[in-house]
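# Coordinates in review
Now for the letters of each chain:
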Amino acid sequence: IAVYDGSRLVQTIKIANVSPYGDKSTQTYDPRGGQTTVVEDMNFDGFRDFRVQAETPAGPNIPYYCFLWEPKSGKFVHSKALDFVTSPEFDQKAKLVRSSNRDSAASYIEEAYKFENGKLTLMESTVTEYAESPDPAQPNKLLKTVTSKKRIDGKMKVVSTSTKLVDR
């Protein structure tokens, strides 16, 4: 990736330097017309950053290589922390990085992160899991368990757990 200021080359970014798979991991094609490169403010500092889709997986969990603008150096810096956020969405109003991902066919995770002193910090996490009904008389039902955690006094703590039978 070549970064220019007008006609002057300011920076060259080699994806192979940040990807364990080399440059080939960014050769993605989204037949739905999605974007493989997104430019937006990802750390809520007022500067436009960018991310490059790392691959097009078979499922819904989209990985990215993320680069944040560093005003002091006048260059983009790789953000390993943001790379670990699956399918990120950047809520500019709440200043939260949100992630929704599917851990398996029966497990879904929603997370919200916040930048605190420049460090990406998990603030909330909700895990929804489905299992077979424990009641043999209700085979058309699934057991749905939802566990929510929030950061309280610097630690993630369970704030609620609910379990109920739902239709398949």
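Residues numbered from 1 in each chain as written. Predicted model: local features only at pLDDT ≥ 70, side-chain atom pairs only at ≥ 80, totals over all residues. Heavy atoms only, no water.

### Quick word on the sheet that holds strand β6 (residues 75-78)
With antiparallel pairing, 4 strands are arranged side by side in an open sheet as β3-β4-β5-β6. The two strands at the open ends of the sheet, each matched to only one other strand, are β3 (37-40) and β6. In this sheet, adjacent strand axes meet at a mean angle of 25 degrees when their direction is disregarded. Of the pairings in the sheet, the one linking strand β4 (residues 49-53) to strand β5 (residues 64-70) comprises 4 bridges and is antiparallel in character. Residue pairing for β5: valine 52 is matched across the bridge by tyrosine 65. (Pairing = 2+ DSSP bridges. Helix = DSSP H or I, 4+ residues; strand = E, 2+ residues; numbered from the N terminus. Axes fitted to C-alpha atoms, helices over the stretch in contact; angles between N-to-C directions.)

### Focus on the pattern of salt bridges
In total, this model carries 5 salt bridges according to the counting rule given. With a closest N to O distance of 3.2 Å, arginine 98 and aspartate 91 form a salt bridge. Judged by its relative accessible area of 34%, arginine 98 falls in the partly exposed class. Overall, aspartate 91 belongs to the partly exposed group, its relative accessible area being 23%. (Salt bridge = Lys/Arg side-chain N within 4 Å of Asp/Glu carboxyl O. Buried < 20%, exposed > 50% of the residue type's maximum accessible area, 1.4 Å probe, protein only.)

### With respect to the sheet that holds strand β12 (residues 155-167)
Ordered by their spatial adjacency, 6 strands build an open sheet running β7-β8-β9-β10-β11-β12, and the pairing between neighbours is antiparallel. Two strands close off the open sheet at either side, each with one partner strand: β7 (88-91) and β12. Neighbour to neighbour, the strand axes of the sheet diverge by 20 degrees on average, direction disregarded. When strand β8 (residues 96-104) meets strand β9 (residues 107-116), the two strands line up antiparallel, connected through 7 bridges. From the neighbouring strand, serine 99 faces β9, where its bridge partner is glutamate 111.

### A few points about the nonpolar core
Residues Met42, Leu82, Val85, Phe90, Val97, Phe115 and Leu120 are the most contacted members of the largest nonpolar core, which totals 13 residues. Elements with a contribution of two residues or more to this core: β5 and β9. If we skip the residues at most four places from it in the chain, valine 97 touches Met42, Phe44, Leu82, Val85, Pro88, Glu89, Phe90, Glu111, Ala112, Tyr113, Phe115 and Leu120. Grouped together as the second largest cluster of nonpolar side chains are 9 residues, Val3, Ile13, Ile15 and Tyr65 included. (Core = buried A, V, L, I, M, F, W, Y, C linked by side-chain atoms within 4.5 Å. Contact = heavy atoms within 4.5 Å.)

### Regarding the side chain of threonine 128
Its place among the elements puts threonine 128 in strand β10 (residues 119-132). A relative accessible area of 15% places threonine 128 in the buried class. Setting aside residues no more than four positions away along its own chain, threonine 128 makes contact with Ala106, Ser107, Tyr108, Lys144, Thr145 and Val146.

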